[in-house]
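Survey of secondary and tertiary structure
So the chains spell out like this:
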Amino acid sequence: MAAKNGQLYQLSLTGVLGGLMGIFITRFFGSASRLDPDIILNQVKHQFRQESPIEGAWIEKQAVPFQKYAVKTRVYYGGITRYEDDQLVQYQFIADAATGSVLDIHRL
């Protein structure tokens, strides 16, 4: 009977420790699943620079919830300013916080 209680104790302890490790791993890797917004901004700036020089750029540092139809994700909003035909033109973009993919971009 004592051996059975010891095994039960070990199983309970293993279950609790496994659960705690699961919570820790989820929180640790869950927060690390977003790209640094500066990395995303540099990628977007690089793509714009292939066409013409840019004057300025910005990106919000806080990811926000975004939904388009049934797809839900977290995104960063940002913008690029550059000259086109001797006029300053602004663009705003939305980038997926997890992948860095530009989901939408439009001229203001």
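All values reported here derive from a predicted model rather than from experimental measurement.

With 13 residues, helix α2 (residues 37-49) should reach 18 Å at 1.5 Å per residue; the first-to-last C-alpha distance of 18 Å fits that figure. Restricting attention to buried positions, one finds in α2 the residues Pro37, Ile40, Leu41, Val44, Lys45 and Phe48. End-on view of α2: buried residues confined to an arc of 135 degrees, all on one side of the axis. Residues of α2 that are buried in the fold lie against β1 (54-59), β3 (71-84), β4 (87-96) and β5 (102-107). Sitting at the amino-terminal end of α2 is Asp36, which places a side-chain oxygen 2.8 Å from the backbone nitrogen of Asp38.

What follows is about unusual backbone geometry. Positioned with a positive phi, Tyr69 is a non-glycine residue whose angle comes to about 60 degrees. Within the element layout of this structure, Tyr69 appears in the loop between β2 (64-68) and β3. For Asp85, which is not a glycine, the phi torsion comes out positive at approximately 55 degrees. Secondary-structure assignment places Asp85 in the loop between β3 and β4.

As paired elements, β2 and β3 share five bridges and run antiparallel to each other. Of the residues in β3, the one forming a bridge with Phe66 is Thr73. Taken together, β2 and the strand that follows it, β3, pair antiparallel across an intervening segment of two residues, in which Tyr69 is found at a positive phi of about 60 degrees.

A few words on the pairing of β4. Pairing geometry for β3 and β4, over ten bridges, is antiparallel. What sits directly across from Arg82, in β4, is Val89. Where β3 hands over to β4, the hairpin turn is made up of two residues, of which Asp85 adopts a positive phi near 55 degrees.

By size, the foremost hydrophobic cluster in this structure holds 14 residues, and its most contacted members are Ile40, Val44, Phe48, Ile59, Tyr76, Ile80 and Phe93. Taken together, the elements giving at least two residues each to this core come down to α2, β1, β3 and β4. Apart from residues lying up to four places away in sequence, Ile59 is in contact with Pro37, Asp38, Ile40, Leu41, Tyr76, Tyr77, Gly78 and Phe93.

Let us look at the side chain of Arg82. Note that Arg82 resides in strand β3. For Arg82, a relative accessible area of 6% puts it in the buried group. Of the polar contacts made by the side chain of Arg82, one reaches the side chain of Glu84; its length is 2.8 Å. Once you skip the residues sitting within four places of it in the chain, Arg82 turns out to touch Phe48, Glu51, Ser52, Pro53, Ile54, Glu55, Gln87, Leu88, Val89 and Tyr91.

About the thresholds
- Residues numbered from 1 in each chain as written.
- Predicted model: local features only at pLDDT ≥ 70, side-chain atom pairs only at ≥ 80, totals over all residues.
- Heavy atoms only, no water.
- Helix = DSSP H or I, 4+ residues; strand = E, 2+ residues; numbered from the N terminus.
- Expected span 1.5 Å × (residues − 1).
- Buried < 20%, exposed > 50% of the residue type's maximum accessible area, 1.4 Å probe, protein only.
- Arc of directions from axis to C-beta.
- Contact = heavy atoms within 4.5 Å.
- Polar contact = N/O pair within 3.5 Å; in protein donor to acceptor, adjacent residues only side chain to side chain.
- Pairing = 2+ DSSP bridges.
- Core = buried A, V, L, I, M, F, W, Y, C linked by side-chain atoms within 4.5 Å.

Note that every value here comes from positions in space, so none of it alone points to a role or purpose.
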